[in-house]
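# What the coordinates show
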Amino acid sequence: MPTVTTSPPRRPAPKRSGGKRVQPRTIRPLPIVIIALILLALVAFALRINREVPSWVDVQLVRVNGSGRRGEPIEKVHDIAIHYVGNPGTTAQQNRDFYNNPDTQVSSHFLIGLDGEIIQCVPLDEKSSATNERNRDTISIEVCHPDADGVFTDASYQSLVKLTAWLCDNFHLSRDRVIRHYDVTGKLCPLHFVEDEGAWEQFLADVEAY
């Protein structure tokens, strides 16, 4: 009897469209743009964690009211701006509560009280309303003072040195990136550091040495 040979069944050819062979669909890798967005989100999250304030800062963020705290993102931080509250004898808590009023048009990232207490009022990734056109790229510190001459208490001064040094380290800034409100607008703020250049230079030296 003749030998019967069998061949394996042939796979059907892909359907043609317009006379052209249709290639089988392949699963594409995750689009690069999605991967990039995920990486950017992770970096932003890491930076936000690195900018958490130390435990010696009392965080009391004021509400967003559209003027004092606008909720607008800050640009890359270039400078740390030092201020004085200009209202002798008031406490850090009183000034913070003033910032929190719905019609208040000013704010700072930090307030330092007469006893050296430090209150954070605005997140580090947002603009404050303290340094005029430099709100876009400065972290602002307002310091309370007992008298009209604007001289800080020793406790306030020591806290100012510590906080400023921490901010410089955190944002990788040198001491020449610490400025006065006066250096932006010519306003006599902080008064004592404007009237006594030696006191200002000593403060910068103390920040660097901390």
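Position numbers for residues count from 1 along each chain, tracking the sequence in the order it is written. The model is predicted, so local features are restricted to residues of pLDDT at least 70 and side-chain atom pairs to those at 80 or more, both for listing and for counting; the totals for chains, interfaces and linings are taken over all residues. The basis for every side-chain value is the complete set of heavy atoms in the structure, and neither hydrogens nor water enter the calculation.

## Focus on the overall build of the protein chain
The helix and strand inventory of the protein chain stands at 6 helices and 8 strands. In DSSP terms, a helix is any run of H or I states spanning at least four residues, a strand is any run of E spanning at least two, and both are numbered starting from the N terminus. Traced from its N-terminal end to its C-terminal end, the protein chain shows the element sequence β-β-α-β-β-α-β-β-β-α-β-α-α-α. By the burial criterion, 41% of the 210 residues in the protein chain qualify as buried. Note on definitions: a residue-residue contact is assigned when non-hydrogen atoms from the two residues lie within 4.5 Å. Sequence separation of at least 24 residues holds for 72% of the intrachain contacts in the protein chain that already meet a minimum separation of 6. Under the convention used here, a 1.4 Å probe and the Shrake-Rupley method define accessible areas, while residue burial counts only the protein chains that appear. Summed over all atoms, the accessible surface of the protein chain reaches about 12800 Å², with 55% contributed by carbon and sulfur. Accessibility here uses a 1.4 Å probe with only protein chains present; expressed as a share of the type maximum, an area under 20% marks a residue as buried, one over 50% as exposed, and anything in between as partly exposed.

## Focus on the pairing of strand S4 (residues 79–84)
The element S4 is largely enclosed, with a buried count of 6 among its 6 residues. Where burial is concerned, the two faces of S4 agree: the one with Asp-79, Ala-81 and His-83 and the one with Ile-80, Ile-82 and Tyr-84 are both buried. Following DSSP output, two strands are said to pair if at least two bridges run between them. The sheet contact formed by S4 and strand S7 (residues 138–143) spans 6 bridges and is parallel. Within S7, the residue paired with Ile-82 across the bridge is Ile-141. Pairing of S4 with strand S8 (residues 178–180) involves 3 bridges; the strand directions are parallel. When the bridges of S8 are listed, Ala-81 appears paired with Ile-179.

## Description of unusual backbone geometry
Comment: phi is negative for the bulk of residues other than glycine, and the bulk of peptide bonds are trans. At the junction of Cys-189 and Pro-190, the peptide bond is cis and its omega measures out at -10 degrees in the coordinates. Positioned with a positive phi, Asn-132 is a non-glycine residue whose angle comes to about 55 degrees. Summarising the element assignment, Asn-132 is placed in the loop between strand S6 (118–120) and S7. Even without being glycine, His-172 reaches a positive phi, approximately 60 degrees.

## As for the side chain of Ser-140
Assignment of secondary structure puts Ser-140 in strand S7. On the basis of relative accessibility, which here comes to 0%, the residue Ser-140 falls in the buried class. Polar contacts involving the side chain of Ser-140 include one to the side chain of Ser-128, which spans 2.8 Å. In contact with Ser-140, other than residues within four places in its own chain, are Ala-81, His-83, Ser-107, Ser-108, His-109, Phe-110, Ser-128, Ala-130 and Thr-131. Polar contacts, as used here, are pairs of N or O atoms within 3.5 Å; protein pairs need one atom able to donate a hydrogen and one able to accept it. Residues neighboring in sequence count only if both atoms are side-chain atoms.

## Thoughts on the nonpolar core
Counting 34 residues, the largest nonpolar core has Ile-80, Phe-110, Ile-139, Ile-141, Leu-160, Leu-167 and Phe-203 as its most contacted members. For this core, the secondary-structure elements that each account for two or more residues are S4, strand S5 (110–112), S7, helix H3 (154–170), helix H5 (191–195) and helix H6 (197–209). Of the residues forming this core, the biggest block, 8 residues, is contributed by H3. To form a nonpolar core, buried Ala, Val, Leu, Ile, Met, Phe, Trp, Tyr and Cys residues must be joined to one another through side-chain atoms within 4.5 Å. Tyr-99, Ile-119, Val-122 and Cys-144 belong to the second-largest nonpolar core, a separate cluster that totals 9 residues.

## Details of H6
Here the expected length of a helix is defined as 1.5 Å per residue gap, with one fewer gap than residues. The terminal C-alpha atoms of H6, which comprises 13 residues, lie 18 Å apart, in line with the 18 Å expected from a rise of 1.5 Å per residue. Here the buried face of H6 lies against S4, H3, S8 and H5. The opening residue of H6, the one whose side-chain oxygen lies 3.1 Å from the backbone nitrogen of Gly-198, is Asp-196.

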